Amino acid sequence: MRRGPIQWILSLIFIVLMYVSMAVMAIALFPLALLRKDGAQISIHLYTRWTLFLARWIVGLRSEVRGEVPTGEVLICSKHQSFLDILIIVNACPAPKFVMKSILRYTPFLGWYAMKIGCVPIDRGRRAEAIRQMMEGVTAGTAPPGQLIIFPQGTRVAPGQHRDYKIGAAVLYHELHQTCVPAATNVGIFWPRRGIMRKPGLAVVEFLPAIAPGLDRKHFMTKLETEIETRSDALMREGGFDPYGLHHDD
């Protein structure tokens, strides 16, 4: 297994290629995204497929999807550890769209494509205002149908750290009356929130058994957190990381 400086250099090469590819593909595929109804989704899936290939080829980071991939109009509530879980989920789902931070609308290339596929931007400063924006964006009827993805903890959470689950996921579940599919992951032990190093291994996103509509908010939140955290801990242990002992097979 490659270690130390060589892996760091390979990681840097991968990151540079990832962002260069984003710019090149965004420009090259712009006519497709503009002229075809599904053009933005096609473009984004091409990018995620290419980036996951680069990760496997350059840094030895493989990816795997487990469980039944959601299709149709469903709510996906996923553990979020790094950009890699976004890449894997988008690559797996036929028509993904995210509840995302409002500032991402202004990110070059990424912002325009995100809005094109129906992502819902919110300002995270005040909870009540964020929930209002989220519901207005989701129920406006202007977004294309697909799989609505929300990160219940609201941000990336590093392996071994805990962050409370926010009420926004329960609001969507209750108001949309849609099936919710929890998703667990271990990607953060290979692709951290910050830094250059990308470690070789098997990064997994696992779609868990669906939660049918009808639970009250309290029971939904308890069930959601328990299932996601329990399975994410198991996946991290599978990858050589103890989320409680903080021992990584490094």
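Look up: the structure comes first, before these words.
What you see is a predicted model, and the numbers here were worked out from it, not measured in a lab. (Residues numbered from 1 in each chain as written. Predicted model: local features only at pLDDT ≥ 70, side-chain atom pairs only at ≥ 80, totals over all residues. Heavy atoms only, no water.)

*Asks:* For this particular structure, what's the right way to read the nonpolar core?
*Replies:* Judged by nonpolar contacts, the single largest core of 45 residues is most densely connected at F14, L61, I76 and L84. Going through the elements one at a time, α1 (4–28), α3 (39–59), β2 (74–78), α4 (83–92), β3 (96–101), α5 (110–116), β6 (180–185) and β7 (201–207) are the ones with two or more residues in this core. Contacts of F14, omitting those with residues within four sequence positions, involve T51, L54, A55, I58, V59, W191 and R198. Core analysis: the next-biggest nonpolar cluster, separate from the first, contains 19 residues, V120, I122, A170 and I228 among them. (Core = buried A, V, L, I, M, F, W, Y, C linked by side-chain atoms within 4.5 Å. Buried < 20%, exposed > 50% of the residue type's maximum accessible area, 1.4 Å probe, protein only. Helix = DSSP H or I, 4+ residues; strand = E, 2+ residues; numbered from the N terminus. Contact = heavy atoms within 4.5 Å.)

*Asks:* When you look at α3 in this model, what are you seeing that I'm missing?
*Replies:* Over its 21 residues, α3 extends 30 Å from the first C-alpha to the last, a length consistent with the 30 Å expected when each residue adds 1.5 Å. A positive phi of about 75° marks G60, the residue just after α3. (Expected span 1.5 Å × (residues − 1).)

*Asks:* What should I look at first to understand the packing of α1 against α3 in this one?
*Replies:* For any two helices packed against each other, the geometry comes down to the angle between their axes and how far apart the axes lie. In contact at an axis separation of 10 Å, α1 and α3 are set at 165° when each is read in the N-to-C sense. Between α1 and α3, the angle falls in the class roughly antiparallel. As for the relative orientation of α1 and α3, their crossing is right-handed in sense. The residues of α3 that touch α1, namely those facing Q7, L10, S11, F14, L17, M18, S21, M22 and M25, are L46, Y47, W50, T51, L54, A55, I58 and V59. (Axes fitted to C-alpha atoms, helices over the stretch in contact; angles between N-to-C directions. Parallel < 35°, antiparallel > 145°, perpendicular 65-115°, else oblique. Left-handed = near helix turned anticlockwise from the far one by under 90°.)

*Asks:* Sorry if this is basic, but what is going on with the state of the cysteines here?
*Replies:* In protein chemistry, a disulfide is the covalent bond that joins the sulfur atoms of two cysteines. Applying the stated criterion across every chain, the model contains zero disulfides. You can see C180 has no disulfide; the closest cysteine sulfur is in C77, sitting 3.6 Å from it. By relative accessible area, which is 0% here, C180 ends up buried. (Disulfide = S-S within 2.5 Å.)

*Asks:* Teacher, can you tell me more about the packing of aromatic side chains here?
*Replies:* Evaluation of the coordinates by the stated rule reveals eight aromatic pairs. A ring pair is formed by F83 and W191, whose centres lie 6.4 Å apart and whose planes are at 65°; its orientation type is edge-to-face. Placement of F83 in helix α4 and of W191 in the loop between β6 and β7 is noted, with a sequence separation of 108 residues between them. Residue classification places F83 among the partly exposed positions, given a relative accessible area of 23%. Under the relative-accessibility criterion, W191 is labelled buried at 3%. (Phe/Tyr/Trp six-rings, centres within 6.5 Å; stacked < 30°, edge-to-face > 60°.)

*Asks:* Help me understand the pairing of β3, please; the structure alone is not making it clear to me.
*Replies:* For a regular strand, the rule is simple: side chains alternate between the two faces of the sheet. Counting buried positions over the six residues of β3 gives five, a clear majority of the element. Relative to strand β5 (residues 147–150), β3 runs parallel, the two sharing three bridges. Bridge pairing in β5 places P96 opposite Q147. Bridging between β3 and strand β4 (residues 120–122) involves three bridges; their strand directions are parallel. Opposite V99, over in β4, you have V120 as the bridge partner. Each parallel crossover has a hand, and the one from β3 via α5 to β4 is right-handed. (Pairing = 2+ DSSP bridges. Right-handed = clockwise from strand over helix to strand, strands pointing away.)

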